[in-house]
Amino acid sequence: MQGLNHCPAFCRYYQSATMASQRLGLAEESGPNPGESELAVNPFDGLPFSSRYYELLEQRRALPIWASRFIFLEQLESSPGGVVLVSGEPGSGKSTQIPQWCAEFALARGFQEGRVTVTQPHPLAALSLAMRVADEMDLTLGHEVGYSIPQEDCTGPDTLLRFCWDGLLLQEVASTRGTGAWGVLVLDEAQERSVASDLLQGLLQNARLGNLPGDSRVVVVTDPALEPKLQAFWGNPPTVHVPRRPGTCPTPVYRDTVPTDRVEAACQAVIELCTKEAPGDVLVYLPSEEEILLCCESLSREVGPLALRGPPPRVLPLHPGCGPAVQAAYEDTDLGARKVVVTHWLADFSFSLPSIRHVIDSGLELRSVYNPQIRAESQVLRPISKCQAEARRLRAKGVPPGKSLCPTEIKHEKNPHTQTQETCSGLLSQVFLPSGSCLCLYPKSFLELEAPLLPTARICEVNLSPVVLLLKRRQIAEPGECHFLDQPAPEALMQALEDLDYLAALDDDGNLSDLGVILSEFPLPPELAKALLASCEFNCVDEMLTLAAMLTAAPGFTHPPLSAEEAALRRALEHTDGDHSSLIQVYEAFIQSGADKAWCQARGLNWAALCQAQKLRGDLLELMQQIELPLSQPAFGSEQNRTDLQKALLSGYFLKAGRVGPSILPE
Ligand SMILES: Nc1ncnc2c1ncn2[C@@H]1O[C@H](COP(=O)(O)OP(=O)(O)OP(=O)(O)O)[C@@H](O)[C@H]1O
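Residues numbered from 1 in each chain as written. Predicted model: local features only at pLDDT ≥ 70, side-chain atom pairs only at ≥ 80, totals over all residues. Heavy atoms only, no water.

Take the overall build of the chain next. Across its full length, the chain carries 26 helices and 16 strands. Looking at the chain as a whole, 55% of its 667 residues qualify as buried. When contacts within the chain are restricted to residue pairs at least 6 apart in sequence, those whose partners lie at least 24 apart make up 76%. Accessible surface for the chain amounts to roughly 29,200 Å². Of this, 53% is attributable to carbon and sulfur atoms. (Helix = DSSP H or I, 4+ residues; strand = E, 2+ residues; numbered from the N terminus. Buried < 20%, exposed > 50% of the residue type's maximum accessible area, 1.4 Å probe, protein only. Contact = heavy atoms within 4.5 Å. Areas by Shrake-Rupley, 256 points an atom, 1.4 Å probe, with all protein chains shown as cover.)

A few words on the environment of L532. Within the fold, L532 resides in helix α20 (residues 526–537). Taking relative accessible area as the criterion, L532 reaches 0% and is therefore assigned buried. Excluding its chain neighbours within four sequence positions, the residues that come into contact with L532 are F522, L524, M544, L545 and M624.

Right, let's talk about the packing of helix α10 (residues 262–275) against helix α11 (residues 289–303) for a bit. It is the contact of α10 with α11, at a shortest axis distance of 10 Å, that shows an interaxial angle of 40 degrees. Considering their axes alone, α10 and α11 lie oblique with respect to each other. α11 is crossed by α10, and the crossing has right-handed handedness. In this structure, α10 uses R262, V263, C267, V270 and I271 to contact α11, whose residues at the interface are E291, L294, C295, S298, L299, E302 and V303. (Axes fitted to C-alpha atoms, helices over the stretch in contact; angles between N-to-C directions. Parallel < 35°, antiparallel > 145°, perpendicular 65-115°, else oblique. Left-handed = near helix turned anticlockwise from the far one by under 90°.)

Spatial strand order, β9-β16-β13-β10-β12-β11: six strands in an open sheet with parallel pairing. The open sheet has two free edges, formed respectively by β9 (253–254) and β11 (314–318), since each of these has just one partner strand. In this sheet, strand β16 (residues 437–440) lies alongside strand β13 (residues 356–361) in parallel orientation, the contact comprising four bridges. Note that in β16 the partner of H358 across the bridge is S437. (Pairing = 2+ DSSP bridges.)

Moving on, we come to helix α25 (residues 607–626). Taking 1.5 Å of rise per residue, the 20 residues of α25 would be expected to cover 28 Å, and the 29 Å separating its terminal C-alpha atoms lies within 8% of that figure. Among the residues of α25, those classed as buried are A609, L610, A613, L616, R617, L620, L623 and M624. Looking down the long axis of α25, one finds its buried residues gathered within 135 degrees of arc, a one-sided arrangement. Where α25 is buried, its residues contact α19 (514–521), α20, α21 (541–552), α23 (579–592) and α24 (597–602). The backbone nitrogen of A608 has a side-chain oxygen 3.2 Å away, supplied by the residue at the start of α25, namely N606. (Expected span 1.5 Å × (residues − 1). Arc of directions from axis to C-beta. Polar contact = N/O pair within 3.5 Å; in protein donor to acceptor, adjacent residues only side chain to side chain.)

Around the ligand there are 19 residues in total, and G91, S95, T96, S128 and F349 lie nearest to it. Measuring from a nitrogen atom of the ligand, one finds a side-chain N or O atom of S128 at 2.7 Å. Protein coverage of the free-state accessible area of the ligand, which is 630 Å², stands at 92%. Broken down by secondary-structure element, the contributors of at least two residues to the shell around the ligand are α5 (94–108) and α6 (123–137). Among the elements that take part in the shell around the ligand, α5 stands out by supplying three residues, more than any other. Residues that form the shell around the ligand fall into these classes: five nonpolar, nine polar and five charged. (Near = heavy atom within 4 Å. Nonpolar A, V, L, I, M, F, W, Y, C, P; charged D, E, K, R; others polar.)

A complete count under the given rule lists nine aromatic pairs for this structure. Note on Y442 and F446: the rings are 5.4 Å apart at their centroids and 45 degrees apart in plane angle, and the pair reads as tilted. This pair shows no difference in class: Y442 is buried, exactly as F446 is. These aromatic residues form a ring-pair network of at least three members: F49, Y53 and Y54. (Phe/Tyr/Trp six-rings, centres within 6.5 Å; stacked < 30°, edge-to-face > 60°.)

Our next topic: unusual backbone geometry. For A504, which is not a glycine, the phi torsion comes out positive at approximately 65 degrees. Tracing the backbone shows A504 in the loop between α18 (490–502) and α19. Notably, N539 is not glycine yet its phi reads approximately 55 degrees, a positive angle. One can find N539 in the loop between α20 and α21.

Here we come to helix α9 (residues 227–234). Buried within α9 we find E227, L230, Q231, F233 and W234. One side of α9 holds all its buried residues, which, seen down the axis, span an arc of 165 degrees. Facing away from the buried surface of α9 by more than 90 degrees, the exposed residues are P228 and A232. Turning to α9, the residues buried within the fold contact β1 (83–87), α8 (195–205), β7 (217–222) and β8 (239–241).

This next bit is on the pairing of strand β12 (residues 339–343). Note on strand geometry: in a regular strand, side chains alternate between the two faces of the sheet. In terms of residue burial, β12 counts as a mostly covered element, since five of its five residues are buried. A two-sided burial pattern is seen for β12, the buried positions comprising K339, V341 and T343 on one face and V340 and V342 on the other. With four bridges joining them, strand β10 (residues 281–285) and β12 adopt parallel strand pairing. Looking at β12, one finds that Y285 is bridged to T343. Where β11 lies against β12, five bridges are found, and the strand directions are parallel. Looking across to β12, one finds that P317 is bridged to V342.

Let us look at the packing of α20 against helix α26 (residues 639–653). Two quantities define a packed helix pair, namely the angle between the axes and the distance from one axis to the other. At a minimum axis distance of 7 Å, the contact between α20 and α26 shows a crossing angle of 145 degrees. The crossing of α20 and α26 is right-handed. For the pair α20 and α26, contact is made by E527, L528, K530, A531, A534 and S535 and by A648, L649, S651, G652 and Y653, respectively. Taken together, the residues of the contact of α20 with α26 break down into six nonpolar, three polar and two charged.

If you walk across this open sheet you meet the eight strands as β4-β3-β5-β2-β6-β7-β1-β8, and the pairing is mixed. Single-partner strands in this sheet number two, and they are β4 (152–154) and β8. Pairwise comparison of adjacent strand axes, ignoring direction, gives a mean angle of 15 degrees for this sheet. Here four bridges tie strand β3 (residues 145–149) to strand β5 (residues 161–165), and the two strands are oriented parallel to one another. Looking at the pairing, Y147 lines up with F163 of β5. Across the sheet, α6 lies against β2 (116–120), β3, β4 and β5, angled at about 175 degrees from β3, the strand it touches most. Strands in contact with α9 are β1, β7 and β8; relative to β1, the strand with the most contacts, it is inclined by about 175 degrees.

Laid out in structure tokens, this is it:
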């Protein structure tokens, strides 16, 4: 910011933007047109726009949301309660354009109320969007545009627009180490009903966030399916309706029965599309990461030998473990190979891949669901909601590579109505495209009978202890008083309070104890944080740090062993004491390999997840050093260490303990 204030281009733009916004309310057009040399300077960094900027500007102008830009900025300026709702179907341009317009709005106000923060329910979506938006704005990632996700903060002092995993923003709001206020907060993908998004909305609605400046703005972005509920929750705020995406959406084709082997059925459907040479990329939805990987492996083996006219398809997984490699799903190769992207719920709403023409949907999702009565989480395989099924079907509306539908090209069409850019949404539907397809691997009655209308609110399905600890830490609200979009069951809240009490995190008045305050400092579930603190007492900090990091990072194993050789290499990593010791052993072997990717691949280990665990372990160690907790030397493998580790774990997880051997607890 300081740098920007001294930049003559910024000052020039800022003055003109301020004058324009005073005159018009807001500037009518974003960014210059090619050829406007005098103003062709990026107001955010003072540098001339590159040719790439203009290339992407053409693509942005073709998005359905582009027509809503002026009305959105007007509503943002004048909304009486400072809240604006944006409702539009997937792929209409909400996630990429709204943040940029908010940055322009904040710039026109001189960033006096603060900068722009955009939340995403998935860390990978925050990363991917930051990359795309930095590109579209012609700015440098990590400088003016940045992102914050677990174990990675790619922001700097000049960051004006930050994409942030919503769980992290919630932690920041609650923690003493938070980054403070924002001028505009965009809560994207509200229909996904993540815990943090629901909670942030509850807190904002109750006006309980003390660090909000007076004139800040909140923008809630959603799929149309959740719009009525959000309207009611926010008291009918101004709402921007994004026009429907042009193009015809294929009618779904249903299977008569649910296949016993989903992966096999999906692979066969992909191969059929490839052999029929139906143009366009393919998106396959399976329930779990494990099935995604199995499907990718099977497809990679089977599509190679097919006698196809073009190059063989590129098979790409898309799940939280992919990291920055996820961008490959957006890229086209020079050879124009067809992409087959295999994914799960992650791409229901985030990740709008423009070239998808064929969707193969299993109609299922695998989710962790917590049962407070038995205090246990289980993996539940269940039908997706009707709203998700519709979002998946709409993905097949894409444009095959090489068939760009940017307005300049449309103007050349022999159509008397193709005069102005404003009418482009109407025009696009008139352009002939080979039709796409949507194959549902289930009968029509399957979702009609079994699926809910909307995705289930995650706050009603998770263990609430971390949420309650967080709220108590900042005395933001009494958990029971908080006004949620969907209220969690009272017994789930009671159980969370009870568990925190058992952990000695609460005092007699129900407020956080000193121990509770320390527990809330760790980015870990309270039970695990307690076990880590206890490891100081039982002299096994080194091992417990590793275990905490491995249990928190993404799963270390990618899939069941694929060959006898891989199975043998994996067996060598297993520890006779069970999963916890195996995880420590895997981590230590990974470090000894020099964090080698090929070493991980040979054992079916998730290299990205292990790197994440390494980073998290470092962060936890730093935190312990800051709090001046006593550390201990590594002793993994000794009998004493084994017992110490068990005692530390029991200090946190005593509610889940069952004794089979002689007691190790002190008499
Ligand atoms: N990470 C990315 N890399 C490259 N292009 C992207 C990326 N994200 C989005 N796009 C482009 O921007 C277009 C609009 O996507 P955007 O995510 O803004 O839509 P959306 O309305 O928010 O959809 P959704 O609700 O599915 O996220 C896409 O069709 C694609 O062309």
